[in-house]
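Chain residues, written in single-letter form:
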Amino acid sequence: MNITNLHKETAPVTEHAADNPGGMLPRARVQIRDIELGGDRFVVIAGPCAIESDTQIAETASLVSAHGAQVLRGGAFKARTSPYTFQGLGLEGVKLMRAAADAAGMPMITEVLSERDVEAMEPWVDAFQVGSRNMDNTALLKMLGDVRKPILLKRGFAATIKEWLLAAEYIIVGGNEQVVLCERGIRTFSNETRFTLDLAGALYARQETQLPVVIDPSHATGNPRLIPSLAAATLAAGLDGLMVEVHPDPAQALSDGEQALPPDLFRDMMELLSRLAPATGRFLHA
Ligand code: PEP
Ligand code: MN
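## A closer look at the overall build of the protein
Piece 1. The secondary structure content of the protein amounts to nine helices and ten strands.
Piece 2. The C-alpha extent of the protein, read off along each of the three principal axes, is 50 × 45 × 40 Å.
Piece 3. The buried share of the protein, taken over its 286 residues, is 56%.
Piece 4. Intrachain contacts of the protein at a sequence separation of at least 6 include 70% that bridge at least 24 residues.
Piece 5. When the accessible area of the protein is evaluated, it comes to approximately 11600 Å², of which 54% is carbon and sulfur surface.
Piece 6. The averaged location of the 35 negative side-chain charges in the protein is 1 Å from the averaged location of its 26 positive side-chain charges.

## Details of the coordination of the manganese ion (ligand 2)
When a metal holds four donors in a tetrahedron, each ideal angle between them is 109.5 degrees; when it holds six in an octahedron, the ideal angles are 90 or 180 degrees.
Piece 1. The coordination sphere of the manganese ion (ligand 2), as far as protein atoms go, consists of C49 (SG), H219 (NE2), E245 (OE) and D256 (OD), spread over 2.1 to 2.4 Å.
Piece 2. Every donor residue of the manganese ion (ligand 2) comes from the same chain, spaced as C-x169-H-x25-E-x10-D. Placement of H219 in helix α7 (residues 217-221) and of E245 in strand β10 (residues 241-245) is noted, with a sequence separation of 26 residues between them.
Piece 3. By relative accessible area, which is 9% here, H219 ends up buried.
Piece 4. Judged by relative accessible area, E245 falls into the buried class, the value being 1%.

## A word on the pairing of strand β5 (residues 108-111)
Piece 1. Neither face of β5 is exposed, since M108 and T110 on one face and I109 and E111 on the opposite face are all buried.
Piece 2. Traced from strand β4 (residues 71-73) through helix α2 (residues 90-104) to β5, the parallel crossover comes out right-handed.
Piece 3. One ladder, built from three bridges, connects β5 with strand β6 (residues 127-130); its direction is parallel. If you follow E111 over to β6, its bridge partner there is Q129.
Piece 4. Each parallel crossover has a hand, and the one from β5 via helix α3 (residues 115-121) to β6 is right-handed.

## Concerning the pattern of salt bridges
Piece 1. Taken as a whole and judged by the stated rule, the model has 13 salt bridges.
Piece 2. Note that R33 and D126 form a salt bridge whose closest N and O atoms lie 3.2 Å from each other. Here R33, found in the loop between β1 (30-32) and β2 (35-37), pairs with D126, found in the loop between α3 and β6; they are 93 residues apart in sequence, far enough to count as distant.
Piece 3. Ionic pairing is found between E245 and R73, a salt bridge with its closest N-O pair at 3.4 Å. Taken together, the residues E245 in strand β10 and R73 in strand β4 connect sequence positions 172 residues apart.
Piece 4. For R73, a relative accessible area of 2% corresponds to the buried category.
Piece 5. When salt bridges that share partners are traced, they join R33, R98, D102 and D126 into one network.

## Looking at the sheet that holds β6
Piece 1. Taken in spatial order, the eight strands close into a barrel running β3-β4-β5-β6-β7-β8-β9-β10, and their pairing is parallel. Strand-to-strand twist of the sheet, defined as the mean angle between neighbouring strand axes without regard to direction, takes the value 25°.

## A closer look at the state of the cysteines
Piece 1. Tallied over the entire structure, the rule returns zero disulfides.
Piece 2. Looking at the unpaired C182, the closest cysteine sulfur is the one in C49, lying at 13 Å.

## Comments concerning the site of ligand 1
Piece 1. Neighbouring residues of ligand 1: C49, R73, K78, E111, Q129, G131, S132, R133, K154, R184, H219 and E245.
Piece 2. Taking R73, its side chain carries an N or O atom lying 2.7 Å from an oxygen atom of ligand 1.
Piece 3. One of the side-chain N or O atoms of R133 is found 2.9 Å from an oxygen atom in ligand 1.
Piece 4. Against a free-state accessible area of 290 Å², the protein chains account for coverage of 96% of ligand 1.
Piece 5. Class assignment for the residues of the shell around ligand 1 results in one nonpolar, four polar and seven charged.

## Some points on the packing of aromatic side chains
Piece 1. Applying the stated rule across the entire model yields one aromatic pair.
Piece 2. The cationic tip of R184 hangs over the ring face of F195; the distance from NZ or CZ to the ring centre is 4.2 Å.
Piece 3. Lying across the ring of F157, R187 places its NZ or CZ 4.6 Å from the centre.

What counts and what doesn't
- Residues numbered from 1 in each chain as written.
- Chains lettered and ligands numbered in written order.
- Predicted model: local features only at pLDDT ≥ 70, side-chain atom pairs only at ≥ 80, totals over all residues.
- Heavy atoms only, no water.
- Helix = DSSP H or I, 4+ residues; strand = E, 2+ residues; numbered from the N terminus.
- Buried < 20%, exposed > 50% of the residue type's maximum accessible area, 1.4 Å probe, protein only.
- Contact = heavy atoms within 4.5 Å.
- Areas by Shrake-Rupley, 256 points an atom, 1.4 Å probe, with all protein chains shown as cover.
- Lys, Arg positive; Asp, Glu negative; His and termini not counted.
- Charge placed at Lys NZ, Arg CZ, Asp CG, Glu CD.
- Donors = N, O, S within 2.8 Å, 3.2 Å for Na, K, Ca; no water.
- Right-handed = clockwise from strand over helix to strand, strands pointing away.
- Pairing = 2+ DSSP bridges.
- Salt bridge = Lys/Arg side-chain N within 4 Å of Asp/Glu carboxyl O.
- Axes fitted to C-alpha atoms, helices over the stretch in contact; angles between N-to-C directions.
- Disulfide = S-S within 2.5 Å.
- Near = heavy atom within 4 Å.
- Polar contact = N/O pair within 3.5 Å; in protein donor to acceptor, adjacent residues only side chain to side chain.
- Nonpolar A, V, L, I, M, F, W, Y, C, P; charged D, E, K, R; others polar.
- Phe/Tyr/Trp six-rings, centres within 6.5 Å; stacked < 30°, edge-to-face > 60°.
- Lys NZ or Arg CZ within 6 Å of the ring centre and 35° of its normal.

This is the structure:
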């Protein structure tokens, strides 16, 4: 299956649409356990930046599930900018998250930082996340081509669209077609938001590939007040879902607390999406 057409490296990217009258490739569906991305359902992946304790991840899982999120996120192996900040609970954190996800009846996704950890993590996770700082880690991408779990591939914050899609190709040519693309903001001269959300780039990636594309408005903005509207824009634009950071008590969070949605804002965001969904031909809940 040709998921991106970029194997035709000799042709410029802009010519690939000519292979697909109408510009769109048929959609691939990616299953994170029973949750399908790329179909009629707009999927909300939510949870804390980092797994901090059994009670924190369990409380977050039940709150995001109660408000209609379908997949639990949370980092156990953290790619922090500074080595002096919380680095995550590692495999112990993955196990705490597994228990919390099972208790809430949700599938879960967590970031893998190194190919060294793939084997140990695989039995515990429903999907792997590749972070922005690791998008071009080809050793990791090749290893993930060999696993039989879906991969959510974040765009590097300094990566072109083509580099991002070629990173996806590394996983796909390795034999794993279960890839979801995630745009999480790129670095620009605009400093009021943490990064700059490239919504048009995400739409372009969806047009040029078969892969589901989701948006992470948390890292893109660093500002919870901007997140509900960007979530609505993501749904209205016809993209496949969201990944958002939620914390039961953001002021106490060990990482990215300033951008985490508190429970009431998460609830408001989900209500906004529910009101909007009927107009978009998508539905939110099972
Ligand atoms: C995250 O999702 O917690 C994360 C570290 O995101 P990114 O890789 O996009 O910075
Ligand atoms: Mn984070």
